[in-house]
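Single-letter residue listing:
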Amino acid sequence: MRNRLLHISLLLLAAIALYANSLPNSFNFDDQALLIDNNAVHGITAANLKAVFTSVPNHLEYLPVRDLTYMLDYQIWGLDPLGYHITNLIFYLLCVIMFYLFMAEILAGAGGAAFAAALVYALHPVHVESVASITQRNNLVSGFFYFTGLFLYMRHKRHGATGSGYYLLSLLSFVLAMLSKAIAVVLPVTAVLLELYFPDEDPLGKRLSRTVPFFILAAGFSVLDIEVAKSTRIFLGFAAGLASRLPGAFEAVWAYIKMLLFPYQLKVWHSFNLPAGFLDPRALLSMAGLAALIFLIIYYRKRYRVLSFAAAWMLTSMAPVAGLVPAATIIAERYAFLPSAGFCLSVAFIFMEIYKNRAAQVRLAAVLAAAAVLISYAVTSFQRNFEWKDQTTLLEADLNHHPDLLKTYVFLGRAYVFKGDYQKGLYYLLQAKRINPGLLEYDFFSAYYLYKTGQLDAALEALKSLRKNIGGEVIDIDYLCGRIYELKGDDGKARDYYLKAADADIPMGIYLRQDALDALKKLGAS
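This text gives an overview of the structure that appears in the document. (Residues numbered from 1 in each chain as written. Predicted model: local features only at pLDDT ≥ 70, side-chain atom pairs only at ≥ 80, totals over all residues. Heavy atoms only, no water.)

**Some remarks on the overall build of the protein chain**
Item 1. The helix and strand inventory of the protein chain stands at 25 helices and zero strands.
Item 2. Computed over the C-alpha atoms, the radius of gyration of the protein chain is 25 Å, within 12% of the 24 Å expected from 2.2 N^0.38 for a compact globule of 526 residues.
Item 3. Within the protein chain, the fraction of its 526 residues that count as buried is 53%.
Item 4. Within the protein chain, counting contacts between residues at least 6 apart in sequence, those at least 24 apart form 71% of the total.
Item 5. Side chains of the protein chain carry 46 positive and 40 negative charges; the gap between the two charge centres is 8 Å. (Helix = DSSP H or I, 4+ residues; strand = E, 2+ residues; numbered from the N terminus. Rg over C-alpha atoms; globule rule 2.2 N^0.38 Å. Buried < 20%, exposed > 50% of the residue type's maximum accessible area, 1.4 Å probe, protein only. Contact = heavy atoms within 4.5 Å. Lys, Arg positive; Asp, Glu negative; His and termini not counted. Charge placed at Lys NZ, Arg CZ, Asp CG, Glu CD.)

**Brief notes about the side chain of Arg 467**
Item 1. Positionally, Arg 467 belongs in helix α22 (residues 456-470).
Item 2. Here Arg 467 falls in the buried class, since its relative accessible area comes to 18%.
Item 3. Within the local environment of Arg 467, its side chain forms a polar contact with the side chain of Asp 478, the two groups lying 2.5 Å apart.
Item 4. Apart from the residues within four sequence positions on either side, Arg 467 is in contact with Gly 472, Glu 473, Ile 477, Asp 478, Tyr 497 and Lys 500. (Polar contact = N/O pair within 3.5 Å; in protein donor to acceptor, adjacent residues only side chain to side chain.)

**A closer look at the packing of helix α1 (residues 2-19) against helix α17 (residues 360-387)**
Item 1. Where α1 meets α17, the closest approach of the two axes is 8 Å, and the angle between their N-to-C directions is 40°. Taken as axis vectors, α1 and α17 run oblique relative to one another. Contacts from Ala 17, Leu 18 and Tyr 19 of α1 reach α17 at Ala 378, Ser 381, Phe 382 and Asn 385.
Item 2. In the contact of α1 with α17, the residues fall into five nonpolar, two polar and no charged. (Axes fitted to C-alpha atoms, helices over the stretch in contact; angles between N-to-C directions. Parallel < 35°, antiparallel > 145°, perpendicular 65-115°, else oblique. Nonpolar A, V, L, I, M, F, W, Y, C, P; charged D, E, K, R; others polar.)

**A word on unusual backbone geometry**
Item 1. Unlike most non-glycine residues, Phe 29 shows phi in positive territory, near 45°.
Item 2. Inspection of the secondary structure puts Phe 29 in the loop between α1 and α2 (31-36).
Item 3. In this model, Gln 265 sits at a positive phi of 50°, which is unusual for a non-glycine residue.
Item 4. With respect to the helices and strands, the residue Gln 265 is situated in the loop between α13 (242-261) and α14 (281-299).
Item 5. The class of Gln 265 is partly exposed, set by a relative accessible area of 48%.

**Observations concerning the pattern of salt bridges**
Item 1. The final tally for this structure, using the stated rule, is 23 salt bridges.
Item 2. Glu 387 is the salt-bridge partner of Arg 384, the closest N and O atoms lying 2.6 Å from each other. Residue Arg 384 and its partner Glu 387 are both found in helix α17; the two are separated by three residues, about one turn of the helix.
Item 3. Arg 467 is the partner of Asp 478 in a salt bridge, and the nearest nitrogen-oxygen pair spans 2.5 Å. Separated by eleven residues along the polypeptide, Asp 478 in helix α23 (residues 475-487) and Arg 467 in helix α22 bring together distant segments of the chain.
Item 4. Residue class for Asp 478 comes out buried when judged on its relative accessible area of 0%.
Item 5. Connected via shared salt-bridge partners are Lys 157, Glu 195, Asp 200, Asp 202, Lys 206, Arg 207 and Arg 210. (Salt bridge = Lys/Arg side-chain N within 4 Å of Asp/Glu carboxyl O.)

**Some points on the packing of helix α19 (residues 406-418) against helix α21 (residues 441-452)**
Item 1. Contact geometry of α19 with α21 gives a least axis separation of 11 Å together with a crossing angle of 5°. Between α19 and α21, the crossing angle belongs to the class labelled roughly parallel. Along the contact surface, α19 presents Val 410, Arg 414, Val 417 and Phe 418, while α21 presents Glu 441, Phe 445 and Tyr 448.

**Section: the state of the cysteines**
Item 1. Scanning the entire structure with this criterion turns up zero disulfides.
Item 2. In this structure Cys 95 is a free cysteine whose sulfur lies 12 Å from that of Cys 344, the closest cysteine sulfur available. (Disulfide = S-S within 2.5 Å.)

**Regarding α17**
Item 1. Its 28 residues give α17 an end-to-end C-alpha distance of 41 Å, which sits within 8% of 40 Å, the value for a rise of 1.5 Å per residue.
Item 2. Along α17, the residues classified as buried are Ala 366, Ala 370, Leu 374, Tyr 377, Ala 378, Thr 380, Ser 381, Arg 384, Asn 385 and Glu 387. (Expected span 1.5 Å × (residues − 1).)

**Focus: helix α5 (residues 81-106)**
Item 1. Taking 1.5 Å of rise per residue, the 26 residues of α5 would be expected to cover 38 Å, and the 38 Å separating its terminal C-alpha atoms lies within 8% of that figure.
Item 2. Most of α5 is tucked away: 22 of the 26 residues are buried.

**Remarks on a nonpolar patch on the surface**
Item 1. On the surface, Ile 44, Leu 49, Phe 53, Leu 72, Ile 76, Trp 77 and Leu 82 cluster together to form a nonpolar patch covering roughly 590 Å² of accessible area.
Item 2. Broken down by secondary-structure element, the contributors of at least two residues to the nonpolar patch are α3 (46-54) and α4 (64-77).
Item 3. Take the nonpolar patch: its biggest share by element is three residues, from α4. (Patch = residues over 30% accessible without salt bridge, like charges linked within 9 Å, V, L, I, M, F, W, Y side chains within 5 Å. Areas by Shrake-Rupley, 256 points an atom, 1.4 Å probe, with all protein chains shown as cover.)

Below you can see the structure in the form of structure tokens.
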């Protein structure tokens, strides 16, 4: 017990020292839509509780437990970002503690290995996005309940028939994890791995039967999440195009492994070109490598039990984020939050194995190599926190690292426009247009600039010209036309354009379809 308290204290000190510089950061990216403009999380009230549990007030995702933490923050801090960053750090500390306790359970008698795994986890740079971004708190809250659920599951296994309370609490933790982020759906698979790699005295059939309630819950929440995603139009189906996504999923696994091994020059968006098909050389190489890795996991499952478990845990945790589920983004650092747990255990195990029962020179080399990795990870994480200061500092850092990524120019231009620096914003958007002449942003925000500076007729003319050239209905263009007509006092034309925006199929992501629907309600009320 004394060693555990010492380990936890050291882990907390390391994580606090590493992330304290993220506390002064401002709001960023999706914080505007999910938090600042989302009245349903502005305080703990009966109406807000009903909204977050029975509807999707942010019009994007159903994560009521995550939203509860926003409500509590707002109750205390209002819209001061400092308080939200403090809460993010607290949840990260809880994740690190529960990951350590879970490791201590499965590595009974090897407290040093559990501490080493948790230390790698605490310092790994791939976690910066989840800690420094308030929007990505879903990873932290879900991760906390995910590790808590696994810890309680192992406690139940250890106590047998007398541990039913642990089992029920493990199920509850799983439910809370799923209500925080859908990726927690992999927990039942992890429970199966625990039964296979860390068996107790019960027969295999009985051990596996313990996981059945978890799979039932996972199936139910998966249906719920899919229906919500369909209703918000961010998910259009799973089966369609699955065969075309598989080759990309195989390659995405290796992209995540590379990111975990070498988490340097991190960025908001990672470019990823899908292979042409199963016969694409990249796909063939990825499949062959994955098959070899799975073979090694199975072949060495007894000789290197912990390493085999860690690798299997990492791969199964990657399944939901490797592109099998249709999504606009395939590779993202935040998606590696749970898979990184298996990776960190693997790294700790390898260094501990090298160190154990070796000559003094080998032990020294192992210690120096481990120290180099940890220091490198810590320095990278610490520096990346500064880059997350606000949206412009983040994207300018990305642009310095990766000057050829079109999306960075687009969002950096948007960020400066919304800060009121139209000259800088339009400059970056013009660079984006030079890369891809078909982009709408430069022309749209040129009209937006006219709108914000009171040149309403000129803005309307520019928007209508852009709309005509596109030959289709764009949510953002139609919405802004409606907004201008409303300002001009022409409610009839404003209503027409809001209706067009509500029915439009092309989004730019600046305004949402729901914005048009809300505007129509206000016009109706007036």
